[in-house]
Amino acid sequence: MAPTHVLRCCQRGLAWIPVIFIALVVCWSYYAYVVELCIFTIPSIGEQIVYLIFFHLSFVMFVWSYWKTIFTQPANPSKEFCLPKAEKERYEKEERPESQQEILWRAATSLPLYTRTGAGAIRYCDRCQVIKPDRCHHCSACDMCVLKMDHHCPWVNNCVGFSNYKFFILFLAYSLVYCLFIAATVLQYFIKFWTNELPDTHAKFHVLFLFFVAAMFCISILSLFSYHLWLVGKNRSTIEAFRAPVFRTGSDKNGFSLGFRKNIAQVFGDQKKYWLLPVFTSQGDGLTFPARLVNADVEQATVNLHPEPDKSAAEVPESPLSDSQNRLLSNDQHANNVGDHLANNTLKSAESGTITISMESES
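These numbers were taken from a predicted model, which means no experiment stands behind them. Every chain begins its residue count from 1, and numbering advances along the sequence as written. It should be noted that, the model being predicted, local features are given only for residues of pLDDT at least 70 and side-chain atom pairs only at 80 or more, the latter also being counted only at that level, while totals for whole chains, interfaces and linings use all residues. Just so you know, side-chain values use all the structure's heavy atoms and leave hydrogens and water out.

## Remarks on the environment of I169
Tracing the backbone through its elements, the reader meets I169 in helix α6 (residues 165-194). Through-space distance from the C-alpha of I169 to that of V232 is 9.3 Å; in sequence the pair is 63 residues apart. A helix here means a DSSP run of H or I that spans at least four residues, while a strand means a run of E at least two residues long, and both kinds are numbered starting from the N terminus.

See below:
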């Protein structure tokens, strides 16, 4: 039986097959459009120039966003989400789940955590041995925990998450523009070749096949692009769309929704001039996210946090924080909540008077 690391290397090599396939299709489409269509088929010089200018604009943006999606490393939890050495040893030796959770609750006192497991426990990854930040999930293909993981995409051989989700959206957008432009400009020559108005040349096969391929990719990309635009508008990941995040008050599919405009800004940033460029402008650090409190939570007396960016997480791309980012629980308040949980979840809310909840309304 082959060693595990050899099988792992083979698996990683095979994972590049879809990317190589897409690269070959794109290279062929470039040759077919530029050489066979524009040079050998289109008789008008003016038409050739116009087509080539717009074609290369869409081609460059498509390749740029595709490259960024593939080669941007997924962001991982920072060291502060790892258990201290002593607590880690106690956790590994402990066999009772209840005792393990007590260890996790104590370790999570200084962490800004909003979400829980379905049973209300701290989300912990035994594989990576880290407490999972909100919206973080473990990817079995990448064998790592990924911040704000959306899904693992075989067509980019990478996890789509906090660090490259904007690039993925732009990749879908520019690939759709690329295919639509090719299909629209090739259509008239496709009809002429199909009806034998143009003589049979070596360009005929390329033009006919180019239209079919562009139209096929248009249909498939359009549905996927529309779905992810809907997710961006709702501020959900693909995982959260199928399994709603669980808060102290229960599962809430709209728990991270801040209103349409702010949801868009979460992915694309505050500066609109950078929205169409594949450069990182997403808000936040990927470790904490603003959340909307839909139901009153008796464990949360107030919600008023102004978090500082986590400078220890070097692998997380830097991005300026907006006002909407300052919405999470304060560490002191969160520590008190965890302490209350460990003390048999005893809370005397009747003596606390009025509970103040800060909520973000839909805009």
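## What to know about the nonpolar core
Nine residue types can take part in a nonpolar core, namely buried Ala, Val, Leu, Ile, Met, Phe, Trp, Tyr and Cys, and a core is a set of them joined through side-chain atoms within 4.5 Å. In this scheme, a residue with accessible area under 20% of its type's maximum is buried, one over 50% is exposed, and one in between is partly exposed, where area comes from a 1.4 Å probe on protein chains only. Core analysis: the largest hydrophobic core is formed by 52 residues, its most contacted members being Y33, F55, Y165, I182 and V186. Counting residues per element, the ones that place at least two in this core are α2 (17-39), α3 (45-71), α6, α7 (202-234) and α9 (260-268). Sort the elements by how many residues they give to this core and α6 lands first, with 18 residues. Ranked by size, the runner-up nonpolar core spans 28 residues in total, among them I122, F247, F289 and A291.

## Comments concerning the packing of aromatic side chains
Only Phe, Tyr and Trp rings take part, Trp by its six-membered ring, and two of them pair if their centres are within 6.5 Å. Stacked means planes under 30 degrees apart, edge-to-face means over 60, and tilted covers everything else. Under the defined criterion, the tally for this structure stands at 29 aromatic pairs. Residues Y66 and F171 carry aromatic rings whose centres are separated by 4.7 Å and whose planes lie at 20° to one another, so their mutual orientation is stacked. With a gap of 105 residues between them, Y66 in helix α3 and F171 in helix α6 connect regions that are remote in the sequence. Residue classification places Y66 among the buried residues on the basis of a relative accessible area of 9%. Centroid distance F256 to F289: 6.4 Å. Interplanar angle 75°. Geometry classified as edge-to-face. Taken together, the residues F256 in the loop between β8 (250-251) and α9 and F289 in the loop between α9 and α10 (331-342) connect sequence positions 33 residues apart. A single burial state applies to F256 and to F289, both of which are buried. A connected cluster of aromatic rings, assembled from ring pairs, spans Y30, Y33, Y51, F55, F59, F62, Y66, F168, F171, Y178 and F181. The side chain of R135 reaches across the aromatic face of F289, ending 5.0 Å from its centre. In this analysis the charged atom, NZ for Lys or CZ for Arg, is taken to sit over a ring once it is within 6 Å of the ring centre and within 35 degrees of the ring normal.

## Thoughts on the packing of α7 against α9
The interhelical angle for the contact between α7 and α9, taken along N-to-C directions, is 110°, at an axis separation of 6 Å. In this view, α7 runs roughly perpendicular relative to α9, as classed from their interaxial angle. Seen from α7, the contacting residues are V232, G233 and K234; seen from α9, they are F260, N263, I264, V267 and F268. Grouping the amino acids of the contact of α7 with α9 by side-chain chemistry returns five nonpolar, two polar and one charged. Note on geometry: axes are C-alpha line fits, over the in-contact stretch for helices, and angles between N-to-C directions span 0 to 180 degrees. Any angle that is under 35 degrees is reported as roughly parallel, and any over 145 degrees as roughly antiparallel; angles of 65 to 115 degrees are reported as roughly perpendicular and all others as oblique. Two residues qualify as a contact provided that any one of their heavy atoms is within 4.5 Å of a heavy atom in the partner residue. Put simply, Ala, Val, Leu, Ile, Met, Phe, Trp, Tyr, Cys and Pro go in the nonpolar bin, Asp, Glu, Lys and Arg in the charged bin, and everything else, Gly too, in the polar bin.

## Brief notes about the side chain of S175
With respect to the helices, strands and loops of the structure, S175 is situated in helix α6. Whenever a nitrogen or oxygen atom comes within 3.5 Å of another N or O atom, the pair is scored as a polar contact, on the condition that within protein one atom can donate a hydrogen and the other can accept it, and that pairs from neighbouring residues in sequence are kept only if both atoms are in side chains. A polar contact of 2.8 Å, which involves the side chain of S175, links it to the backbone oxygen of F171. Those residues in contact with S175, other than ones at most four positions away along the chain, are F62 and I221.

## Notes on α3
An α-helical segment advances 3.6 residues per turn. Residues three or four places apart therefore align on the same side. When the terminal C-alpha atoms of α3 are compared, their 38 Å separation across 27 residues agrees well with the 39 Å that a helix rising 1.5 Å per residue should span. Along α3, the residues that are buried comprise Q48, Y51, F55, S58, F59, M61, F62, S65, Y66, T69 and I70. Buried positions along α3 lie against α2, β6 (158-160) and α6. Expected span, for any helix, means 1.5 Å times one less than how many residues it has.

## Observations concerning the confidence of the model for the chain
pLDDT: the predictor's confidence for each residue, scored from 0 to 100. For the chain, the mean per-residue pLDDT works out to 83, and 80% of the residues sit at or above 70. Below pLDDT 50 for its whole length, residues 294-363 participates in 138 contacts with residues either more than four positions away or in separate chains.

## Points about α9
All of the buried residues along α9 are N263, I264, A265, Q266, V267 and F268. The secondary structure elements touched by the buried residues of α9 are α6 and α7. Positive phi shows up at G269, right after α9, with a value of about 95°.

## Some words on the environment of R12
Take R12: it is sitting in helix α1 (residues 4-14). Exposure remark for R12: the relative accessible area of 53% places this residue in the exposed category. Taking the C-alpha atoms as reference points, R12 and N157, separated by 145 residues in sequence, lie 9.0 Å from one another.

## Points about the UniProt feature "transmembrane region" (unreviewed entry) in the chain
UniProt positions are given in the numbering used here, feature names are shortened, and annotations may be inferred rather than shown by experiment. As annotated by UniProt and renumbered to match this structure, "transmembrane region" (unreviewed entry) occupies residues 12-33, 48-67, 167-191 and 203-227. The straight-line gap between the two end C-alpha atoms of residues 12-33 is 33 Å; of that span, 91% is helix and 0% is strand. With 100% helix and 0% strand, residues 48-67 has end C-alpha atoms that lie 28 Å from one another.

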